[in-house]
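# What the coordinates show
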Amino acid sequence: MPATRPRAALALAGALLAACARPAPPRPSIVVVLVDQLRADTAERHLSGVMRLAGRGVVATRMRAAAPWTYPSVIGLMTGLYPQQHGAGGHVEAKVLSSFDPALPLLPKVLRAAGYRTAAFVANPFFQDFNPFSRSFDHYDIGFVGYQGSRIGDGKGVWTERMFADSVNAAVRAHAALGPPRGPEFTYVHYMDVHGPWGGAPFISEGLLERTGLSPAQRAPGSPVPWGPEAEKAFYEAAAAYVDQRVLELYELFHARYAGNLVFIVTSDHGRALLDDESVGDGLPLRRNKRSLHDFNLRVPFVVLPGLGVPGPVRVEAPCSNVDVYPTLLDWLGLEAPHALPGRSLLPAFRGGTADGARALFASVSFDGYRSEAVVQGEAKLVRWLEPRGETEKARRVYDLAGDPRELATLRGEPAGLSDELRRAALDHGVRFAATFPGLSPEQLERLRSVGYLR
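Parameters at a glance
Throughout, a residue's number is its position along its own chain's written sequence, starting from 1. For this predicted model, a pLDDT threshold of at least 70 governs which residues receive local features, and a threshold of 80 or more governs which side-chain atom pairs are given and counted, while totals over whole chains, interfaces and linings are taken from all residues. Side-chain measures were taken over the full set of non-hydrogen atoms in the model, leaving aside hydrogen atoms and water. Helix numbering and strand numbering both begin at the N terminus, where a helix is a DSSP run of H or I of at least 4 residues and a strand a DSSP run of E of at least 2. To sort residues, take the accessible area from a 1.4 Å probe on protein chains only and compare it with the maximum for the residue type: under 20% means buried, over 50% means exposed, and anything in between is partly exposed. The contact rule is simple, with two residues in contact once any of their heavy atoms fall within 4.5 Å. Here the open area of atoms and residues is found with the Shrake-Rupley method and a 1.4 Å probe, where only the protein chains shown may cover a residue. Interaxial angle, 0 to 180 degrees, is taken between N-to-C directions of lines fitted to C-alpha atoms, where a helix line uses only the stretch in contact. For this classification, under 35 degrees means roughly parallel, over 145 means roughly antiparallel, 65 to 115 means roughly perpendicular, and everything else is oblique. Nonpolar residues are Ala, Val, Leu, Ile, Met, Phe, Trp, Tyr, Cys and Pro. Charged residues are Asp, Glu, Lys and Arg, and all others, Gly as well, are polar.

This paragraph deals with the overall build of the protein chain. A count of helical and extended segments in the protein chain gives 15 helices and 16 strands. Taking all 455 residues of the protein chain together, 56% fall into the buried category. Within the protein chain, contacts between residues separated by at least 24 positions form 69% of all contacts whose residues are at least 6 apart in sequence. Just so you have it, the protein chain exposes about 18,600 Å², and 55% of that area is on carbon and sulfur atoms.

Among the structural elements, Ser 321 can be located in strand β11 (residues 320-321). The class for Ser 321 is buried, based on a relative accessible area of 1%. Ignoring anything within four residues of it in the chain, the contact list for Ser 321 reads Met 63, Arg 64, Ala 66 and Leu 361.

Glancing now at helix α12 (residues 325-333). It helps to recall that an α-helix has 3.6 residues per turn; residues three or four apart then point in one direction. Of all 9 residues making up α12, 8 are buried, and the element is well covered by its neighbours. For α12, the full list of buried residues reads Val 325, Tyr 326, Pro 327, Thr 328, Leu 329, Leu 330, Trp 332 and Leu 333. Of the residues flanking the end of α12, it is Gly 334, one or two places downstream, whose phi is positive at about 75°.

Attention now moves to the environment of Arg 62. Mapped onto the fold, Arg 62 is located in the loop between β2 (58-60) and β3 (63-64). Separated by 239 residues in the primary sequence, Arg 62 and Pro 301 have C-alpha atoms spaced 8.0 Å apart. Aside from chain neighbours lying at most four places away, what touches Arg 62 is Arg 299, Val 316, Glu 317, Ala 318, Pro 319, Cys 320, Gly 378 and Glu 379.

So, about the packing of helix α8 (residues 165-176) against helix α10 (residues 229-257). Between α8 and α10, whose axes approach to 10 Å, the crossing angle comes to 5°. Relative to α10, the element α8 lies roughly parallel. Together, Ala 165, Asp 166, Asn 169, Val 172, Arg 173 and Ala 176 of α8 and Tyr 242, Arg 246, Glu 249, Leu 250, Leu 253, Phe 254 and Arg 257 of α10 make up the contact between the two elements. Along the lines of polarity and charge, the residues of the contact of α8 with α10 split into 7 nonpolar, 1 polar and 5 charged.

Structure below.
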């Protein structure tokens, strides 16, 4: 009997050594599907298939964007930085986009350095080659829309019959068919169907045409639909239901491609004003689609669909920002962030831990004559509107989001410390990348520097 004990001990030691030598499980592949201009409440109602799946994964119920329009919001998601830090935005007085520093550590660049192969399929013209976004991917397809460079508003030359998700998915499938994965992959898909314009959209049915009065001349690609509020809402919701099925197609494709070892995220960059969102409360110009920092522009969906290693079912009820996506994914993969970030990893909350429900979340906009900044802490929200040049405050509002979720009436008093939180959040947090405006005159550039937009 005594002789068996050393043998048992040796066997146990051998098993432990074998376990230590066993290679770590492969890192999951990452898929981020961004549905441009999709409100959180619309996603809950009209992305029914996605939300059913998400019920077995992760749902963050109080996600906000750090900017109310696409370009700074997406770059914030891809860097974990606020707009005043990453430099991707717009001219404070004109409809011209900035470019950002090529050294900006975008998520695809960080993942490429960690051994990921990266691809993007983008139907938004803000991410053409006037800025470095496209150059951070191994494969980049933006052939769904026309070229407008850093200009904004060239709709006739931009929107095509290929701008919709059926064309985007076809390109994704064709790329995947080139061969099996040779390691972990990161794929970014940016849909424009919910954003519109909707002329020529594949989801237009005869019933939708009858309900909204769309004429045959308005069915061509790029044509606007009637801008009555009811018609706009009907097309918006029909587009969301259409995208729901296209997202499920991609999930099925990638789940099979990676044998379930994936993190599949569905989110948005900002919301949209619908029906009377712009006319209630203070009304225009303080409540403006894609310019104001009201929650109809900031509240966005965020879900992680089921996959190996994805916890669930989990509902994260604490406030969070899309600048948290970057640190969350790096944490998930065991990668270090390249510098200090205002965003925080949500992974502990995904895995059953608690999240800070009292943290301050910042958002801002500085573009085309509109400057504003806001902070949300708990259920209190402070918004201040500024003159385009300088720091003169045009208006200030404080809202109780618990009792007044549509932000219709400002509070008379301001919670202690809220202004201090706004000032702290608006800093560069020790990290700031330069913005440039190709083609602007020296006088225009100097005006930007005078209001602190460039340094």
